[in-house]
Amino acid sequence: MFKSDTYIQRRKDLVKHLGSGIALFLGNDESPMNYKDNTYHFRQDSSFLYFFGVDRPGLGAIIDVDSDQTIIFGDEHTIDDIVWMGSVPSIADQASHVGVKTVLPLEKLVGTLGQALSKKQSIHYLPPYRQDNAIKLHKLLDKKLPDIANDWSPSLVKAVISLRAHKTDEEIQQIEKALRITKDMHLAAIGLAKDGLTEAHLTGAAHGVSTTANVALAYPMILTVNGQTLHNHFHGNTLKKGQLVLADLGAESPLHYASDITRTFPVAKTFTNQQKEVYEIVLKSQLLAIDMLKPGVRYRDVHLSACRIITEGLKSLGLMKGDTDEAIKNGAHAMFFPHGLGHMIGLDVHDMEDLGEKLVGYDSKTERSDQFGLKSLRLARELEAGHVLTVEPGIYFIPELIDRWQAENRCAEFIDFEKLKAYRNFGGIRIEDDCVMTQNGGRVLGEPIPKSIAEIEALRN
Ligand code: GLY
Ligand code: MN
Ligand code: MN
């Protein structure tokens, strides 16, 4: 945990933003895999961690803005729990570490909220993303279950986003701790790759690094010779010389801050000329995008500038043609770069996505597009100091998408489908780093992780 002042200050700031009513936070429960006591890895809810820091299942908490009272609700371990799971610090002890003096049994949450409802206090809650918490809210607030998904509090959501979106130095330190581990995960995978091993050998090596560091993954590993499939979690392919491996890996820090790094490297000791040419375009677009980061700049414009470099680059390879601005306006480049340039990162890898991508990543000046490609841009808003975000352009050759567009003659004035035939089995390249916004611009977080062609080839040798 951070020191208690951190949590006390966060709750004070929340009270200031909210003004009145009660903010109700539900922690996460254990989640069964196949029967109740055989559970997935436990992950506490991120907003609960942010305001209360207590990392165990079975908790709820309220901040009563009207009476200036904070209570954590939960049940201490019984002797049976201790026999099976060992003894853990009491909730009261953990609560006092985060500056919360009042801890009550979980069953008291119903009565406390019932009283608040009878006094016509408004009860604010965040949109639940787990069904068990939706059911709990339905019972606690005496609301119909289908209404729970819609009746969350916009004012609480906005308040939480405005606080969590700006990272403090101690939060940045956590992200950099995670990145130290993630760097070693990448080095382990890049160093091991060779013809005849499977993707699973590499994920095993990378996972060994995070397991040895005693931290969890921030998201399931993407490590694949089919990098053109954006969120590919299959690890059964055998590596062959001539293929590229796309590895998108990120460990959590001990306090559950995420990191999110992608590197792409050859199974052979060197890239082929074709791979080098595409790699250089992606790298150029990433470096330009990082260079553009400044408070006041809209991330949508950074995304579009990266699209420009990608389009120009693909034109120089003969894969795209025509006027660059027109091609981008028509979304032609999105056949090669169908996702957004990045997203906020913090306690979640896609930070606060549970609170609504549009509220986190867009502002009143920035509309979300519905065009293929641009619609997947998670972060578009004006950047501010303290934001932490990913910069992750890519170029992908997705055979099914190419065939579909060719059959539809879509963007045929901007794409040379004939020349593309030589790239059909290319796969994909993504290069991703995590950056913090300072008053002076963006800073890439963590120790540098090799990304130039020369650096990657040096590691492969
Ligand atoms: N690791 C998932 C992403 O880059 O968004
Ligand atoms: Mn990412
Ligand atoms: Mn990633």
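Anything mentioned here points back to the structure above.
Conventions adopted
Residue positions are given per chain, counting from 1 as you read along its sequence in written order. Written order determines the labels here, with chains lettered from A and ligands numbered from 1. Selection of residues for local features in this predicted model requires a pLDDT of at least 70, selection of side-chain atom pairs for listing and counting requires 80 or more, and totals for whole chains, interfaces and linings are taken over all residues. Values reported for side chains reflect all heavy atoms of the structure, with hydrogen atoms and water molecules removed beforehand. Numbered from the N terminus, helices here are DSSP runs of H or I no shorter than four residues, and strands are runs of E no shorter than two. An expected span of 1.5 Å times one less than the residue number is assigned to each helix. Summary of the burial criterion: residues with accessible area below 20% of their type's maximum are buried, those above 50% are exposed, and those between are partly exposed, where the area comes from a 1.4 Å probe applied to protein chains only. It is the directions from the helix axis to the C-beta atoms that the arc portrays. A donor here means any N, O or S atom no more than 2.8 Å from the metal (3.2 Å for Na, K and Ca); water is not included, so a site may seem to lack partners. Angle rules define the geometry names used: all angles between 85 and 135 degrees makes four donors tetrahedral, while opposite donors over 155 degrees apart and all other angles between 65 and 115 make four donors square planar and six octahedral, leaving every other case irregular. When DSSP locates at least two bridges between a pair of strands, those strands are taken to pair. Working convention: axes come from line fits to C-alpha atoms, limited for helices to the stretch in contact. Angles between N-to-C directions cover 0 to 180 degrees. Residue contacts are defined here by distance: any two heavy atoms, one from each residue, within 4.5 Å place the two residues in contact. Proximity criterion: a residue is near a molecule or strand once any of its heavy atoms comes within 4 Å of it. Here a polar contact means two N or O atoms within 3.5 Å. Within protein one must be a hydrogen donor candidate and the other an acceptor candidate, and residues neighboring in sequence count only if both atoms are side-chain atoms. Per-residue and other accessible areas were derived by the Shrake-Rupley procedure at a 1.4 Å probe size, with only the shown protein chains allowed to occlude residues. Each residue receives one of three labels: charged for Asp, Glu, Lys and Arg, nonpolar for Ala, Val, Leu, Ile, Met, Phe, Trp, Tyr, Cys and Pro, and polar for the others, Gly being one of them. To pair, rings of Phe, Tyr and Trp, with the six-membered ring standing in for Trp, must have centres within 6.5 Å; the planes then decide the type, stacked if under 30 degrees apart, edge-to-face if over 60, and tilted in the middle. The criterion is that NZ of a Lys, or CZ of an Arg, lies within 6 Å of the ring centre and within 35 degrees of the ring normal, and then a charge sits over that ring.

A.B. asks: When you look at helix 1 (residues 4-18) in this model, what are you seeing that I'm missing?
C.D. replies: Because the α-helix completes a turn every 3.6 residues, residues three or four places apart line up on one side. Given a rise of 1.5 Å per residue, 15 residues ought to cover 21 Å, and the 21 Å separating the end C-alpha atoms of helix 1 matches this to within 8%. Along helix 1, the residues classified as buried are Thr6, Tyr7, Arg10, Arg11, Leu14 and Leu18. Projected onto a plane normal to the axis of helix 1, the buried residues spread over an arc of 125 degrees and lie on a single side. Those residues of helix 1 that are exposed and angled more than 90 degrees off the buried face are Asp5, Lys12 and Lys16.

A.B. asks: Just to check I follow, could you spell out the coordination of the manganese ion (ligand 2) for this structure?
C.D. replies: Each pair of donors in an ideal four-coordinate tetrahedral metal site encloses 109.5 degrees, whereas pairs in an ideal six-coordinate octahedral site enclose 90 or 180 degrees. The protein atoms that coordinate the manganese ion (ligand 2) are Asp260 (OD), His343 (NE2), Glu392 (OE) and Glu432 (OE), at distances of 2.0 to 2.2 Å. Bound by six donor atoms, the manganese ion (ligand 2) shows angles of 48 to 156 degrees at the metal and therefore irregular coordination geometry. Of note, the manganese ion (ligand 2) draws all its donor residues from one chain, in the sequence arrangement D-x82-H-x48-E-x39-E. If you look at the manganese ion (ligand 2) and the manganese ion (ligand 3), they sit 3.3 Å from each other and are both ligated by Asp260. A residue pair is termed long-range when its members are at least 10 positions apart, and Glu392 in the loop between strand 11 (388-391) and strand 12 (394-396) and Glu432 in the loop between strand 13 (428-430) and strand 14 (433-438) qualify at 40 residues. Here Glu392 matches Glu432 in class, with each residue buried.

A.B. asks: Honestly, the sheet that holds strand 8 (residues 222-224) in this entry has me stumped. Any pointers?
C.D. replies: The pairing of strands in a sheet comes from backbone hydrogen bonds and takes either a parallel or an antiparallel form. Judged by pairing direction, the sheet is antiparallel, and its three strands sit side by side in the order 8-9-10 without closing on themselves. In this open sheet, the two edge strands, each paired with only one partner strand, are strand 8 and strand 10 (261-266). Mean inter-strand twist for the sheet, computed between neighbouring axes without regard to direction, equals 10 degrees. Contacts between helix 10 (residues 199-212) and the sheet are confined to strand 8, strand 9 (244-249) and strand 10, with strand 8 contributing the most and set at about 145 degrees to the helix.

A.B. asks: Would you mind going over the site of ligand 1 with me for this structure?
C.D. replies: Around ligand 1 sit Tyr219, His231, Asp248, Asp260, His343, His350, Glu392 and Glu432, and that is every residue in its neighbourhood. Contacts to ligand 1 include Asp248, whose side-chain N or O atom sits 3.1 Å from a nitrogen atom. Between ligand 1 and the protein, one listed contact pairs a nitrogen atom with a side-chain N or O atom of Asp260 at 3.1 Å. About the coverage of ligand 1: the protein hides 94% of its 200 Å² of free accessible area. The class makeup of the residues in the shell around ligand 1 is one nonpolar, three polar and four charged.

A.B. asks: Whenever I open this one, helix 8 (residues 154-164) confuses me. Can you help?
C.D. replies: Residues of helix 8 that are buried: Leu156, Val157, Ala159, Val160, Ile161, Leu163 and Arg164. Taken together, the buried residues of helix 8 touch helix 1, strand 1 (22-26), helix 2 (46-52), strand 7 (123-125) and helix 14 (357-361).

A.B. asks: Which parts of the structure should I look at to understand the packing of aromatic side chains?
C.D. replies: Both the distance between ring centres and the angle between the ring planes are used here to describe each pair of aromatic rings. This model, assessed by the stated rule, comprises twelve aromatic pairs. Between the aromatic rings of Tyr50 and Phe51, the centroid separation amounts to 4.9 Å while the plane-to-plane angle is 85 degrees, which identifies the pairing as edge-to-face. Each member of the pair Tyr50 and Phe51 is classed as buried. Between the aromatic rings of Tyr423 and Phe426, the centroid separation amounts to 6.2 Å while the plane-to-plane angle is 35 degrees, which identifies the pairing as tilted. Classification of Tyr423 as buried rests on a relative accessible area of 8%. According to the relative accessible area criterion, Phe426 is buried, its value standing at 8%. A connected cluster of aromatic rings, assembled from ring pairs, spans Phe25, Phe48, Tyr50, Phe51 and Phe52. The aromatic ring of Tyr50 is capped on one face by Arg10, whose charged end is 3.9 Å from the ring centroid.

Note that all results are geometric; they support no functional claim without further evidence.
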